[in-house]
Amino acid sequence: MARSVLSMNVVHNEFEESRAATSSSIVWDSLEDHVNDPSGFFWQVSLKDLKRHEKNLRNRNRNITIPIMIMDSMLPRQRIEFGSNDKRFHVLVEHIEKQREKRQENKNKNEEDSNDNDMDDDDIIELGMIGLNPQTGKPLRVGVSVKLHQIHKTVGKKSNWVTLRMQGHRCFQVQGQPWMDDSKSFHMANVRLNEYDDDSMGGGAKLEESLRIKTQEMYGEIPELVKQWLDCLYASGRAHPNLMKRYFEDLGTEIPTDSMRDRAIWTAALINPIPALGVCSEIRPAMLACTNDYERICLAWEALHSSIKHLQTIIQEKNRNKPSPQQTTTTTSTATKKK
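Numbering of residues starts from 1 in every chain and runs along the sequence as written. Residues qualify for local features only when their pLDDT is at least 70, as the model is predicted, and side-chain atom pairs are given and counted only at 80 or more; totals for whole chains, interfaces and linings, by contrast, use all residues. With hydrogens and water set aside, each side-chain value is computed from the structure's full complement of heavy atoms.

Participant: Looking at this structure, I do not really get the pattern of salt bridges. What am I missing?
Facilitator: Side-chain pairs of opposite charge can arise where the charged atoms are in close proximity. What makes a salt bridge here is a side-chain nitrogen of Lys or Arg within 4 Å of a carboxyl oxygen of Asp or Glu, nothing more. For the coordinates displayed, the defined rule picks out twelve salt bridges. In this structure, the salt-bridge partner of R212 is E209, at a minimum N-O distance of 3.7 Å. Note that R212 and E209 are positioned in helix α3 (residues 209-236) at a spacing of three residues, about one turn of the helix. Via salt bridges that share partners, D72, E282 and R284 belong to a single interconnected network. Strands here are runs of E lasting at least two residues and helices are runs of H or I lasting at least four, both read from the DSSP assignment and numbered beginning at the N terminus.

Here you go:
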């Protein structure tokens, strides 16, 4: 059987204020003779895989309408737990649960549908989280969708308590102005998921070659800087390895190697966790607002250097105030004589 190489050309057409933001066309190129497969099995499998991949591209860059919480800026993979006995918050949770029931009903109806129209569980967006601008106090226009790992309800005599355990998932931009839902209990918003972008500086202007080279250099330096940052963090006494182990369980112990975007976001989530360690500037909102890899990598690189310098100052101050062995001996001897 001759080998055939499949290449794909996905053309994205973006329409302002449209929820169907992505369309695609598929181009097949065969570099050798047609596949000699009378059963058609090869083509069936290939077309199914291609359709799934095309669907994933649409799902990861699309406009959707979701409920949002205005609380704190968080990054992909970061975890947060929030609980409240506020009735408006309970209405939000009920809305999410009803949406889950509807999806399950649709899934049961279409489970034998070979067209594979339903989204994968990983593509389901239930809730968005946005923070406040630290300078203006107003809600940011960027945020992150969250995965709800657990909804816990506690029934009490006087009030009921509901807790959500969430993990950051995908970055988005708010389109237009959020609005209150019909119950006047929580906000809804049109958001555009923006997991993939080009190497432009925004507005279509391509990165200059010098910036591209500089970005690659900083990208390569980050792993060693992270190691240095951890050493300084432990030496300063600001965090114990057991605490950081919990963060690594959320983010992943290995620093991303296949994407500048992922490496920058991973780094920012590590050095500026929730709750913050107090050793790094608040960079989560800025990381969400970045529009290209240069901005992300530069922000992560600069934040690492700044935090390391701050930690080194803490270590120096700690060592300066630490009594020398000679002073300790003299103090002990004096105390013994007094006895």
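Participant: Explain the side chain of S84 here, please?
Facilitator: Inspection of the secondary structure assignment puts S84 in strand β2 (residues 79-84). Exposure categories follow from relative accessible area, calculated using a 1.4 Å probe and restricted to protein chains: below 20% of the type maximum is buried, above 50% is exposed, and the middle band is partly exposed. Classification of S84 by relative accessible area gives buried; the value is 11%. Ignoring any residue separated from it by four or fewer positions in sequence, one finds S84 in contact with F89, H90, N160, W161 and V162. By definition, residues are in contact when any of their heavy atoms lie within 4.5 Å.

Participant: Quick question: what am I supposed to make of the packing of α3 against helix α7 (residues 293-321) here?
Facilitator: Angle between the axes and distance between the axes: these two values describe a pair of packed helices. Fitting a line to C-alpha atoms yields each axis, with helices limited to the stretch in contact; the angle taken between N-to-C directions then spans 0 to 180 degrees. As a packed pair, α3 and α7 sit with axes 8 Å apart at the nearest point and diverge in direction by 30°. Looking at the two axes, α3 sits roughly parallel to α7. Where α3 crosses over α7, the two elements pack in a sense that is left-handed. In what follows, roughly perpendicular refers to angles from 65 to 115 degrees, roughly parallel to angles under 35, roughly antiparallel to angles over 145, and oblique to any angle outside these ranges. What makes a crossing left-handed is the near helix being turned counterclockwise from the far one by less than a right angle; a clockwise turn instead makes it right-handed.

Participant: Looking at this model, I keep getting lost on the pairing of strand β6 (residues 187-193). Mind explaining?
Facilitator: Two faces belong to every sheet, and in a regular strand the side chains alternate between them. For β6, the tally of buried residues reaches five of seven residues, placing the bulk of the element in the interior. In short, DSSP must find at least two bridges between two strands for them to pair. Bridge count for strand β1 (residues 63-70) against β6 is six bridges, and the pairing is antiparallel. The partner of I68 across the bridge, within β6, is H187. Across six bridges, the pairing between strand β5 (residues 160-180) and β6 is antiparallel. Bridged to Q175 within β6 is N190.

Participant: When you look at helix α4 (residues 241-251) in this model, what are you seeing that I'm missing?
Facilitator: Residues of α4 that are buried: M244, Y247, F248 and L251. Taken end-on, α4 shows its buried residues confined to a sector of 100°, consistent with a single buried face. Exposed residues pointing more than 90 degrees away from the buried face of α4 are listed as N242, K245, R246 and E249. Buried positions along α4 lie against α3 and α5 (260-271). Directly after α4, the chain includes G252, whose backbone phi takes a positive value near 105°. Directions from the helix axis toward the C-beta atoms define the arc.

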